[in-house]
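# Summary of structural features
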Amino acid sequence: MASTPTDPTDRPDQGDDLRGRWHDAVSALRDAGAGTSGAAPAALPDPAPYADNLLARWAEPQRRYHTTAHLAAVLDRIDELAAHAAEPDVVRLAAWFHDAVYRPDRSENEERSAALAERALPELGIDAERTAEVARLVRLTVTHDPAEGDRNGEVLCDADLAVLAGAPEQYAAYAAAVREEYGFVPDDAFRAGRADVLRQLLALPRLFRTPAGYDKWERLARRNLRTELDLLTS
């Protein structure tokens, strides 16, 4: 039976775990780009305040699904799929930024999140090429439609969509959290808009582009999407 992804619950130690993962990814990319950023290692800022800033963003009160638990879940899925990525640590940093700016009543969240990465990563000593790749990946989450052969994009998009393949109770909790984020939208308008999103997802030839993601999650995700669509339109 295919495994199902689960979102971690908020834990007292989750922040410390996430800070450690941030530090590891930043350090790896600093080392990978050593000599190209123009800054001596001793002159580079401590990554910790940047992690604190991002974690504060992920904990904003308007969030119900796009929370630190979602960030941790996406990072976990990236770890599962890391062998497929061209540069796993680039994908990990893209995960940190992909919903760093999130207002459910606005449409430019991904663009603003990408711009945040473009400002922060050079300050941290990440070279221009990898900074640009992180920003590109963040912008890719608008469509979740990576080009064939875009291995970094395939991993990030699969990790972000893996929640669709949860067990029924997990998927129901996800759908309820999304509805809470859009609490300002009247029921009829939300149901119509959400149904359109589900139809668009179901119309894709495949939801998951990595071989492992497809094998583990495709069937379960499509079942969940069809079930939710049936409930919304019945």
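Owing to the predicted nature of the structure, the values given are computational and were not obtained by experimental measurement.

### So, the side chain of Thr 210
- Locating Thr 210 in the fold gives a position in the loop between α9 (187-203) and α10 (211-233).
- Using a relative accessible area of 1% as the deciding quantity, one classes Thr 210 as buried.
- At 2.7 Å, the side chain of Thr 210 and the side chain of Asp 158 are in polar contact.
- Ignoring any residue separated from it by four or fewer positions in sequence, one finds Thr 210 in contact with Leu 81, His 84, Glu 154, Val 155 and Asp 158.

### Some details on the packing of helix α3 (residues 68-81) against helix α4 (residues 88-97)
- Two numbers describe how α3 lies on α4: the axes approach to 9 Å, and their chain directions differ by 165 degrees. It follows from the interaxial angle that α3 and α4 lie roughly antiparallel. For the element pair α3 and α4, the recorded crossing hand is right-handed. Across the interface between the two elements, Leu 71, Val 74, Leu 75, Ile 78 and Asp 79 of α3 pack against Pro 88, Val 91, Arg 92, Ala 95 and Trp 96 of α4.
- Of the residues that constitute the contact of α3 with α4, the class distribution is eight nonpolar, no polar and two charged.

### A look at the packing of aromatic side chains
- Evaluated as defined, the whole model comprises seven aromatic pairs.
- Seen from their ring centres, Tyr 171 and Tyr 174 are 5.3 Å apart, and the 65 degrees between their planes marks the pair as edge-to-face. With Tyr 171 and Tyr 174 both in helix α8 (residues 168-181) and three residues apart, this pair spans about one turn of that helix.
- On the basis of relative accessible area, Tyr 174 is assigned to the buried category, the value being 11%.
- Plain terms: the ring middles of Tyr 182 and Phe 184 are 5.9 Å apart, the flat faces sit at 40 degrees to each other, and that makes the pair tilted.
- Here the aromatic residues Trp 22, Trp 96 and Phe 97 are joined through ring pairs into a cluster of three or more.
- Here Arg 63 stacks its cationic end above the ring of Trp 58, 5.2 Å away from the centre of that ring.
- Taking NZ or CZ as reference, Arg 179 lies 4.3 Å from the ring centre of Phe 190, over its face.

### Here we look at the nonpolar core
- In this structure, Trp 22, Trp 96, Phe 97, Val 134 and Leu 164 are the most contacted members of the largest nonpolar core, which totals 66 residues.
- Here this core gets seven residues from one element, more than from any other, and that element is α4.
- The residues contacting Leu 164, other than those within four sequence positions of it, are Tyr 171, Tyr 174, Leu 201, Leu 220, Ala 221, Asn 224 and Leu 225.

### Here's the deal with α4
- Of all 10 residues making up α4, nine are buried, and the element is well covered by its neighbours.
- For α4, the elements touching its buried residues are α1 (14-32), α2 (48-58), α3, α5 (109-123), α6 (128-140) and α7 (151-161).

### Some points on the confidence of the model for the protein
- Scored by pLDDT, the protein comes out at a mean of 92, with 91% of its residues at no less than 70.
- Predicted confidence for residues 1-10 stays below pLDDT 50, and this span has 31 contacts to residues more than four positions away or in other chains.

### Here's the deal with α8
- Over its 14 residues, α8 extends 20 Å from the first C-alpha to the last, a length consistent with the 20 Å expected when each residue adds 1.5 Å.
- Buried within α8 we find Tyr 171, Tyr 174, Ala 175, Ala 177, Val 178 and Glu 181. Along the axis of α8, the buried positions cluster into a sector of 160 degrees, meaning they face one direction only. In α8, the exposed positions that point more than 90 degrees away from the buried face belong to Pro 168, Glu 169 and Glu 180.
- Of the surrounding secondary structure, the elements contacted by the buried residues of α8 are α9 and α10.

Procedures and definitions
Residues numbered from 1 in each chain as written. Predicted model: local features only at pLDDT ≥ 70, side-chain atom pairs only at ≥ 80, totals over all residues. Heavy atoms only, no water. Helix = DSSP H or I, 4+ residues; strand = E, 2+ residues; numbered from the N terminus. Buried < 20%, exposed > 50% of the residue type's maximum accessible area, 1.4 Å probe, protein only. Polar contact = N/O pair within 3.5 Å; in protein donor to acceptor, adjacent residues only side chain to side chain. Contact = heavy atoms within 4.5 Å. Axes fitted to C-alpha atoms, helices over the stretch in contact; angles between N-to-C directions. Parallel < 35°, antiparallel > 145°, perpendicular 65-115°, else oblique. Left-handed = near helix turned anticlockwise from the far one by under 90°. Nonpolar A, V, L, I, M, F, W, Y, C, P; charged D, E, K, R; others polar. Phe/Tyr/Trp six-rings, centres within 6.5 Å; stacked < 30°, edge-to-face > 60°. Lys NZ or Arg CZ within 6 Å of the ring centre and 35° of its normal. Core = buried A, V, L, I, M, F, W, Y, C linked by side-chain atoms within 4.5 Å. pLDDT = per-residue confidence, 0-100. Expected span 1.5 Å × (residues − 1). Arc of directions from axis to C-beta.

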